[in-house]
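# Observations on the three-dimensional arrangement
Residues per chain, in single letters:
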Amino acid sequence: MPRHAANLLRLNAFFARQFRQMPTENFVRVFGPYADRLGNEILPKLSAEAKVKGEREVADDDTDLPLRPEEATL
């Protein structure tokens, strides 16, 4: 799983941007279960070293995500 740290952190950042843009009830309905599992079950299993290494590869934007135009964040 450490080799996936950067992508998991990208996904977590995407969820955070979506949360800022969407009404809470919409976010919870669309992304809630996935964001909850990622934040509470998956990311805590990563070592501190894997997180630091992954964070170096993650920009807080959508450039590295395969999104359709309507899914992009601001």
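Presented here is a report on the structure given in the accompanying data block. As a convention, each chain's residues are numbered from 1 in the sequence order in which they are written. Reporting in this predicted model follows two pLDDT cut-offs: at least 70 for local features of residues, and 80 or more for side-chain atom pairs to be given and counted; totals over whole chains, interfaces and linings ignore these cut-offs and use all residues. With hydrogens and water excluded, all non-hydrogen atoms of the structure serve as input to the side-chain values.

## Topic: the nonpolar core
Counting twelve residues, the largest nonpolar core consists of A5, L8, L9, F14, F15, F27, F31, A35, L38, L43, L46 and A50. Elements are defined by DSSP. Helices are runs of H or I of four residues or more, strands are runs of E of two residues or more, and each kind is numbered from the N terminus. Looking at this core, the elements with two or more residues in it are helix 1 (5-21) and helix 3 (32-42). Every residue pair with non-hydrogen atoms within 4.5 Å of one another is taken to be in contact. When near neighbours in sequence (up to four residues on either side) are disregarded, A35 contacts F15 and F27. The set of buried Ala, Val, Leu, Ile, Met, Phe, Trp, Tyr and Cys residues whose side-chain atoms join them within 4.5 Å is what this entry labels a nonpolar core. Each residue gets one of three labels from its accessible area relative to the maximum for its type: buried under 20%, exposed over 50%, partly exposed in between, using a 1.4 Å probe on protein chains only.

## Re the packing of helix 1 against helix 3
Relative orientation of the contacting elements helix 1 and helix 3 amounts to 135 degrees, with a least axis distance of 10 Å. As far as their axial angle goes, helix 3 and helix 1 are oblique. In this structure, the crossing between helix 1 and helix 3 has a hand that is left-handed. Of the residues in helix 3, those touching helix 1 at L8, L11, N12 and F15 are Y34, A35, L38 and I42. Broken down by class, the residue content of the contact of helix 1 with helix 3 amounts to seven nonpolar, one polar and no charged. Angles here are taken between N-to-C directions and fall from 0 to 180 degrees, while the axes themselves are lines fitted to C-alpha atoms, restricted in helices to the stretch in contact. With respect to orientation, any angle under 35 degrees is reported as roughly parallel, any angle over 145 as roughly antiparallel, any angle of 65 to 115 as roughly perpendicular, and every other angle as oblique. Should the near helix be turned counterclockwise from the far one by less than a right angle, the crossing is left-handed, whereas a clockwise turn marks it as right-handed. Each residue gets one label: Ala, Val, Leu, Ile, Met, Phe, Trp, Tyr, Cys and Pro are nonpolar, Asp, Glu, Lys and Arg are charged, and the others, such as Gly, are polar.

Coordinates in, geometry out; function isn't part of it.
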